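The primary structure of each chain is shown beneath.
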Amino acid sequence: MRPETPLLDTIRKLEDLRQMDDSKLPQLADELRAEMIDAVSVTGGHLGAGLGVVELTVALHHVFDTPHDRIIWDVGHQCYPHKILTGRRDRIRTLRQEDGLSGFTKRAESEYDPFGAAHSSTSISAGLGMAEASRLSGEKRNVVSIIGDGSITAGMAYEAMNNAGGLNARQIVILNDNDMSIAPPTGAMSHYLARLVSGQTYRSIRETAKQLSQKLPKFIYDKARKTEEFARGYWMGGTMFEELGFYYVGPIDGHNLEHLLPILRNVRDSQAGPVLVHVVTEKGKGYSHAEGATDKLHAVSKFNVVTGEQSKSVPNAPSYTKVFGQSLVQEAHDDDKIVGISAAMPSGTGMDIFGEAFPERIYDVGIAEQHGVTFAAGLASEGYKPFCAIYSTFLQRAYDQVVHDVSIQQLPVRFPIDRAGFVGADGATHAGSFDIAYLTCLPGFTVMAAADEAELKHMVATAVAYDEGPIAFRYPRGEGVGVELPERGKALEIGKGRIVQEGSQIALLSFGTRLQDCLLAAEELADYGLSATVADARFAKPLDTELITQLAQEHEVLITIEEGAAGGFGAHVLHYLAGQGLLDNGLKIRTLTMPDVYVDQMSPAAMISRAGLDKTGILQSVFSALGRVEELPARA
Ligand SMILES: Cc1ncc(C[n+]2csc(CCOP(=O)(O)OP(=O)(O)O)c2C)c(N)n1
């Protein structure tokens, strides 16, 4: 007997999926799940979330007329099954690779991705905009936003629901409740959802259909009867979603297509105002190694599908994240005013290390960066020393809180900024590009960058000791450079850099971890007979003006280098030099920064090299400043 063609292979376009009989969809879902596991095993990436929405993805594309109907995945980290079904199966093993598919939804990649994401909790707002656009233009379409129980902890989701309820917008929200964020979810909302799922107030199946027919304005009775036959979905009155003006349907089993399909059809055909379908799923569903893991394999490196074993690179040095967490624990033993704040990223920020040592002094506020920053400001106003640990990219969301609640009041909130600089496979949405620029423009803000892990330790100590105003210190993703760590960090003098190597003609002034490449470049410059001074600025604000003046006056060429967007450290150095007239004597100066483009996913090393922020890039700018660029060998 010939083996049957897998159903997944028969789907050339979405129309094939739409024509498929409902009875075949569970098998299709199984194949889709296997395909996704296999793909991620060779690329690495987000695994658990996608596995949890396989059936939901199949059901949505079967029921809705995408891309005319809009499907918006919140965060977008769960969209791999969606990518496989929407014409990207042949490229799915290029996920998160250079020139490959993005690990998130992306408008430029496919018409089936109507809205790009990667930062969370935007889907209801974007969906509402699309729903209103469709009402205004008269072009009738369904708009479905899928948001997780973690992502719905963010204020923005409620701002959107408040607006949608007020407008009585024709919008569908699917709450994908897997009782997990990256870490187990925290906060009252999570308890509330748990009560909805496990509460005693479920109504009977018959009542469910009856109530649906009462609540949905254009309820389709036949389909409701099917719902009654197939679905164990329930209707409950009085949820907070209803108070916000949504029709609430659920909770229903998000892995059971016999439940999902009739309810989605019903909602599609009978909807008038906003509807929220509460779907219960399991993160990591269908892959035992994910189901059994405490983090449900949220994100993985390449792995062996059979054993679940992930490939590990042998670290040469501890990660910056770990050095930060351990240093803070050391400091906190001596200072009981230190408290830690994380916005749903305890392990990513090293705050889990602090939390283990001081469970009473750690706050995981959920995906709520804005609240986290103002909450920290409140703590600081009462004399506490909050370390508000938020990645560079996610701190963007709390910018007004940083300015208005922290900076203007000069409150001593400490900002450890992890993932500062290029981050690699997560691409432009996750790059820590802007923090230097957006913090150094704020009056009275102290901004540091660690050149290596020992410096990071000193910066933690500096932040503990500094109580006069807000202070931030940035450090990159990944492991340190392998320098010896001091027993204990020592507070640095505010606004003072250091000369690492003395020279006479060329000055390389680094802010952050690019210092290592400056040292390599200086070594090579010596081969060309050029003597280089290498300095570590440590502070982008306040600037070490004495050091900068000296470098400008005593060298022919001055190069600044930072792993951040233009408008940051180099811009401030230039501004200072210009203001002092120190550019008037023919100083040759170059400011090396990230390029003025959003850099898509590739390895961090490739990003740095393309940006010209590696040794070769530094050499090239030195020689171009000297007008001797032809002396350099071309970049390999
Ligand atoms: C603004 C913002 N903060 C933090 C993150 C990091 N992050 C990515 S996924 C995630 C958890 C999302 O949980 P949930 O919405 O429940 O989705 P699940 O992964 O459980 O499917 C977090 C905190 C983010 N993407 N955006």
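That block above? That's the structure.
Residues numbered from 1 in each chain as written. Predicted model: local features only at pLDDT ≥ 70, side-chain atom pairs only at ≥ 80, totals over all residues. Heavy atoms only, no water.

Chemist: Any details on the site of the ligand? Residues and values, ideally.
Modeler: Close to the ligand lie 21 residues, the nearest being His77, Gly150, Ser151, Lys283 and Glu369. Contact between the ligand and Ser120: a nitrogen atom at 2.9 Å from a main-chain N or O atom of the residue. Between the ligand and Glu369 there is a distance of 2.6 Å, counted from a nitrogen atom to a side-chain nitrogen or oxygen. A total of 580 Å² of accessible area belongs to the ligand in isolation, and the protein chains cover 97% of it. A per-class count over the shell around the ligand returns eight nonpolar, nine polar and four charged. When residues of the shell around the ligand are sorted by domain, at least three fall in each of domain 1 (55–79 + 104–287) and domain 2 (320–474). (Near = heavy atom within 4 Å. Polar contact = N/O pair within 3.5 Å; in protein donor to acceptor, adjacent residues only side chain to side chain. Areas by Shrake-Rupley, 256 points an atom, 1.4 Å probe, with all protein chains shown as cover. Nonpolar A, V, L, I, M, F, W, Y, C, P; charged D, E, K, R; others polar. Domains from an automatic or database assignment.)

Chemist: Account for the sheet that holds strand 4 (residues 172–177), with residues named and values stated.
Modeler: Pairing is parallel in the open sheet, where five strands are placed in the order 2-3-4-6-5. Both edges of this open sheet fall to strand 2 (70–73) and strand 5 (247–253), since each of them pairs with a single strand only. Averaged over neighbouring strand pairs, the angle between their axes works out to 20 degrees when direction is ignored. Lying over the sheet, helix 4 (residues 54–63) contacts strand 2, strand 3 (143–148) and strand 4, oriented at roughly 160 degrees with respect to strand 2. (Pairing = 2+ DSSP bridges. Helix = DSSP H or I, 4+ residues; strand = E, 2+ residues; numbered from the N terminus. Axes fitted to C-alpha atoms, helices over the stretch in contact; angles between N-to-C directions. Contact = heavy atoms within 4.5 Å.)

Chemist: Outline the packing of helix 4 against helix 5 (residues 80–88), listing residues and values.
Modeler: As a packed pair, helix 4 and helix 5 sit with axes 9 Å apart at the nearest point and diverge in direction by 35 degrees. Read as a crossing pair, helix 4 and helix 5 show a hand that is right-handed. Counting all contacts with helix 4, which are made through Val54, Thr57, Val58 and His61, the residues of helix 5 involved are Pro81, His82, Leu85 and Thr86. Classifying every residue of the contact of helix 4 with helix 5 by side-chain character gives four nonpolar, four polar and no charged. (Left-handed = near helix turned anticlockwise from the far one by under 90°.)

Chemist: Kindly report on the pairing of strand 15 (residues 506–511), identifying the contributing residues and their values.
Modeler: Most of strand 15 sits inside the fold, with six of its six residues counted as buried. Neither face of strand 15 is left uncovered, since the one carrying Ile506, Leu508 and Ser510 and the one carrying Ala507, Leu509 and Phe511 both have all their residues buried. Relative to strand 16 (residues 532–536), strand 15 is paired through five bridges, and the arrangement is parallel. Of the residues in strand 16, the one forming a bridge with Leu508 is Val534. In this view, the connection linking strand 15 to its parallel neighbour strand 16 by way of helix 22 (residues 515–527) has right-handed handedness. Two elements, strand 15 and strand 18 (residues 557–562), share six bridges in a ladder whose sense is parallel. Within strand 18, the position partnered with Phe511 by the bridge is Glu562. (Buried < 20%, exposed > 50% of the residue type's maximum accessible area, 1.4 Å probe, protein only. Right-handed = clockwise from strand over helix to strand, strands pointing away.)

Chemist: So what about helix 4? Which residues, and what values?
Modeler: Among the ten residues in helix 4, ten count as buried, and that is most of the element. Val54, Glu55, Leu56, Thr57, Val58, Ala59, Leu60, His61, His62 and Val63 are the residues of helix 4 that are buried.

Chemist: Let's hear about the packing of aromatic side chains: which residues, and what values?
Modeler: Within this structure, the stated rule accounts for 14 aromatic pairs. Between the aromatic rings of Phe241 and Tyr248, the centroid separation amounts to 5.9 Å while the plane-to-plane angle is 5 degrees, which identifies the pairing as stacked. Across the pair, Tyr248 and Phe241 agree in class, each one buried. The aromatic ring of Tyr384 is capped on one face by Lys337, whose charged end is 4.4 Å from the ring centroid. For the cation-ring pair, Arg361 lies above Phe358, with the distance from its terminal atom to the ring centre recorded as 4.3 Å. (Phe/Tyr/Trp six-rings, centres within 6.5 Å; stacked < 30°, edge-to-face > 60°. Lys NZ or Arg CZ within 6 Å of the ring centre and 35° of its normal.)

Chemist: Requested: an account of the pattern of salt bridges, with residues and values cited.
Modeler: Inspection of the entire model under this criterion finds 34 salt bridges. The residue Asp16 makes a salt bridge to Lys13 at a minimum N-O spacing of 3.3 Å. On the basis of relative accessibility, which here comes to 22%, the residue Asp16 falls in the partly exposed class. Put simply, Arg18 and Glu15 hold a salt bridge, and the shortest N to O gap is 3.9 Å. Separated by three residues within a single helix, Arg18 and Glu15 lie in helix 1 (residues 14–19), roughly one turn from each other. By relative accessible area, Arg18 is classed as buried at 17%. (Salt bridge = Lys/Arg side-chain N within 4 Å of Asp/Glu carboxyl O.)

Chemist: How would you explain the environment of Leu515 if you had to name every residue and give the values?
Modeler: Secondary-structure assignment places Leu515 in helix 22. Each C-alpha atom, one on Leu515 and one on Asp452, is 8.4 Å from the other, the two residues being 63 residues apart in sequence. Once residues within four sequence positions are removed from consideration, Leu515 is found in contact with Ala451, Arg498, Val500, Ser510, Val534, Ala535 and Asp536.

Chemist: Quick one: what's the story with the packing of helix 14 (residues 320–334) against helix 21 (residues 453–465), residue by residue and with numbers?
Modeler: Look at helix 14 against helix 21: their axes get within 9 Å of each other, and the N-to-C directions meet at 40 degrees. Between helix 14 and helix 21 lies a crossing whose hand is right-handed. Listed contacts from helix 21 to Tyr320, Val323, Phe324, Ser327, Leu328, Gln330 and Glu331 of helix 14 are Glu453, Leu456, Lys457, Val460, Ala461 and Val464. Along the lines of polarity and charge, the residues of the contact of helix 14 with helix 21 split into eight nonpolar, two polar and three charged.

Chemist: Give me the lowdown on the sheet that holds strand 19 (residues 588–592), citing residues and values where you can.
Modeler: An order of 14-16-15-18-19 is seen for the five strands of this open sheet, with the pairing classed as mixed. The sheet terminates laterally at strand 14 (498–501) and strand 19, the two strands that pair on one side only. Neighbour-to-neighbour, the strand axes of the sheet open up by a mean angle of 20 degrees, direction not taken into account. Pairing of strand 18 with strand 19 involves five bridges; the strand directions are parallel. For Ile559, the partnering residue across the bridge sits in strand 19 and is Arg590. Strands in contact with helix 22 are strand 14, strand 15, strand 16 and strand 18; relative to strand 16, the strand with the most contacts, it is inclined by about 170 degrees.

Chemist: I'd love a proper account of the side chain of Asp405, names of residues and values included.
Modeler: Looking at where Asp405 falls in the secondary structure, it is placed in helix 19 (residues 399–407). It is Arg397 that comes nearest to the buried, bridge-free Asp405 among opposite-charge side chains, at 14 Å. Ignoring anything within four residues of it in the chain, the contact list for Asp405 reads Thr374, Ala377, Asp400 and Leu411. (Lys, Arg positive; Asp, Glu negative; His and termini not counted.)

Chemist: Would you mind going over the state of the cysteines in detail, with residue names and values included?
Modeler: Any covalent bond linking the sulfur atoms of two cysteines counts as a disulfide. Taken as a whole and judged by the stated rule, the model has zero disulfides. Cysteine Cys388 shares no disulfide, and the gap to the nearest cysteine sulfur, in Cys441, comes to 18 Å. According to the relative accessible area criterion, Cys388 is buried, its value standing at 1%. (Disulfide = S-S within 2.5 Å.)

Chemist: How would you summarise the environment of Arg88 if you had to cite specific residues and measurements?
Modeler: Residue position: Arg88 is located in helix 5. Considered as a pair, Arg88 and Gln310 are 222 residues apart in the sequence and their alpha carbons are 25 Å apart. In contact with Arg88, other than residues within four places in its own chain, are His82, Lys83, Leu101, Glu109, Ser110, Tyr112 and Asp113. Here Thr86 takes part through its side chain, which lies 2.9 Å from a polar atom of the side chain of Arg88.

Without other data, these values stay purely geometric and don't point to any function.
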